[in-house]
Amino acid sequence: MMHQELIAKLGVVLGEPWNLDALVADSRAAGGWTSLTVVKPLHLVGGVGSPPNATAIR
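Bear in mind the structure is a predicted one, so any value in this text is a computation, not a measurement.

A. Broad picture of the pattern of salt bridges. What the rule picks out here adds up to two salt bridges. Across the pair Glu-5 and Lys-9 runs a salt bridge whose closest N-O atoms are separated by 3.2 Å. Linking Glu-5 with Lys-9, this pair stays in helix H1 (residues 2-9), spanning four residues, or about one helical turn. Look at Glu-5 and you get partly exposed, because its relative accessible area is 33%.

As structure tokens, this is what we get:
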């Protein structure tokens, strides 16, 4: 029920579960932990799910 309310009606993007191992390794190597994570879901009217396409920009 929560997914339908948050995603379809309010447009909130939920990410679960994400594999961040590569981002952590890169952050350790670079010595910095700042990044911008961008997620653009498919534009589906009334949709409650979308294939994941998250991208972390450093």
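B. Main features of the environment of Ala-8. Its location among the elements puts Ala-8 in helix H1. Overall, Ala-8 belongs to the partly exposed group, its relative accessible area being 32%. C-alpha of Ala-8 to C-alpha of Val-45: the two residues are 37 residues apart in sequence and 7.5 Å apart in space. Excluding residues within four positions of it along the chain, Ala-8 makes contact with His-3, Gly-46, Gly-47 and Val-48.

C. Representation of the side chain of Ser-27 within the structure. Its place among the elements puts Ser-27 in helix H2 (residues 21-30). Judged by relative accessible area, Ser-27 falls into the buried class, the value being 3%. In this structure, Ser-27 is in contact with Gly-32, Trp-33 and Arg-58, ignoring residues within four places of it in sequence.

D. Inspection of the confidence of the model for the protein chain at higher detail. This prediction gives the protein chain a mean pLDDT of 82; 100% of its residues lie at or above 70. Mean pLDDT in the protein chain bottoms out at H1, which sits at 80, and peaks at H2, which reaches 93.

E. The environment of Glu-16, seen in detail. With respect to the secondary-structure elements, Glu-16 resides in the loop between H1 and H2. Taking the relative accessible area as the measure of exposure, Glu-16 reaches 55% and is therefore exposed. Along the backbone, Glu-16 and Leu-44 are 28 residues apart, and their C-alpha atoms lie at a distance of 19 Å.

How each quantity is defined
Residues numbered from 1 in each chain as written. Predicted model: local features only at pLDDT ≥ 70, side-chain atom pairs only at ≥ 80, totals over all residues. Heavy atoms only, no water. Salt bridge = Lys/Arg side-chain N within 4 Å of Asp/Glu carboxyl O. Helix = DSSP H or I, 4+ residues; strand = E, 2+ residues; numbered from the N terminus. Buried < 20%, exposed > 50% of the residue type's maximum accessible area, 1.4 Å probe, protein only. Contact = heavy atoms within 4.5 Å. pLDDT = per-residue confidence, 0-100.

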